[in-house]
Amino acid sequence: MLLEVKDLNISYGDKLTVSGVNLELNTGEIMSIVGESGSGKTTVIRAIMGCLPGRGHVSGGSIIFEGRDMLKNTPKEWRQLCGREMSMIFQDSGNMINPIRRIGEQFVDYIRTHAPEKTKAEAAEMAKDMLNKVRLPNPESIMQSYPFELSGGMRQRVGIAMAMVFRPKLLLADEPTSALDVTTQAQIIRQIVDIRNEFGVAVILVTHNLGVASYVSNKLVVMKNGRVVESGKREVISNPQDAYTKELLAAVPVVGEVKYYDR
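Overview of the structure. (Residues numbered from 1 in each chain as written. Predicted model: local features only at pLDDT ≥ 70, side-chain atom pairs only at ≥ 80, totals over all residues. Heavy atoms only, no water.)

**Considering the pattern of salt bridges**
Line of reasoning, step 1. Scanning all chains against the criterion turns up 14 salt bridges.
Line of reasoning, step 2. It is possible to trace a salt-bridge network through shared partners that takes in E66, R68, E85 and K169. (Salt bridge = Lys/Arg side-chain N within 4 Å of Asp/Glu carboxyl O.)

If you want it as structure tokens, here you go:
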């Protein structure tokens, strides 16, 4: 078992916002956490990553990663872990990149922050290799570009490349396609699947789109109001038990006479 979350409670100050969440993820699996805005899905993956904002804190339960209790990590242990053993793709990577610095400068700095023993030249080669692996054309040109010179999809691929450069064991993806057009969304989802296939990384994908989730996932978790209302594999789609899951399925678009998740 790569990751095991047991009876997880998360609070902001004294207010309980996520309650009793249980997750299990093995190496190479893709799990999707699905729900509307405010359901708690992003809060869960931020807790796993140790980066809850503001007064957010884990108020109960446990997060076990490779047999280690993450809630006992010191700040130094979190810094050593994040980026190297687990990493995150954000909703809009363009907003996470400094708009007035070239991509290459930022990528090299990111690598050397986590691996200070690398020279700038070595870090640049690592960056170009990873940009190539996520199928960005002409990595040399990308390295010399400013973020505004790239499309939204290209910036998101840069974010994936940075998240994967150290070959982490767990990749957390927070709504990585919601800011993109439909065609680019499909390309980014396919990219995440390809990354899983090539590197064997486990993925937790946060999304509001049950059609996308069912297309890529080994496991599905449906959240509402800070709680898991349903979880499982294909049966969540084929035989949903909770009324909220049925509502989400009813909202999946139909192409001709075929539901998106049947494709």
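**Section: the sheet that holds strand β2 (residues 15-25)**
Line of reasoning, step 1. With respect to topology, four strands assemble into an open sheet ordered β2-β1-β4-β5, the strand pairing being antiparallel. Looking at strand neighbours, the two that pair on one side only are β2 and β5 (68-69), the edges of this open sheet.
Line of reasoning, step 2. Of the strand pairs in this sheet, strand β1 (residues 3-12) and strand β4 (residues 56-65) are connected by eight bridges, and their pairing is antiparallel. The partner of Y12 across the bridge, within β4, is G56.
Line of reasoning, step 3. Where helix α1 (residues 41-49) meets the sheet, its contacts fall on β1, β2 and β4, and the angle it forms with β1 comes to roughly 110°. (Pairing = 2+ DSSP bridges. Helix = DSSP H or I, 4+ residues; strand = E, 2+ residues; numbered from the N terminus. Contact = heavy atoms within 4.5 Å. Axes fitted to C-alpha atoms, helices over the stretch in contact; angles between N-to-C directions.)

**Concerning the packing of aromatic side chains**
Line of reasoning, step 1. Using the criterion set out here, one finds two aromatic pairs in the structure.
Line of reasoning, step 2. Considering the side-chain rings of Y110 and F166, the 6.5 Å spacing of their centres and the 45° angle between planes classify their relative orientation as tilted. Of this pair, Y110 sits in helix α4 (residues 103-114) while F166 sits in the loop between α7 (152-164) and β7 (170-174), placing them 56 residues apart in sequence.
Line of reasoning, step 3. With centroids separated by 5.8 Å and ring planes inclined at 10°, the aromatic side chains of Y146 and F148 adopt a geometry described as stacked.
Line of reasoning, step 4. Y146 gets classed as partly exposed once you look at its relative accessible area, which sits at 25%.
Line of reasoning, step 5. F148 sits in the exposed class, given a relative accessible area of 63%. (Phe/Tyr/Trp six-rings, centres within 6.5 Å; stacked < 30°, edge-to-face > 60°. Buried < 20%, exposed > 50% of the residue type's maximum accessible area, 1.4 Å probe, protein only.)

**A closer look at the pairing of β4**
Line of reasoning, step 1. The pairing of β4 with β5 spans two bridges and is classified as antiparallel. Its bridge partner being in β5, I64 is matched across the sheet by D69.
Line of reasoning, step 2. Connecting β4 to the next strand, β5, in antiparallel fashion are two residues, including E66 with a positive phi near 50°.

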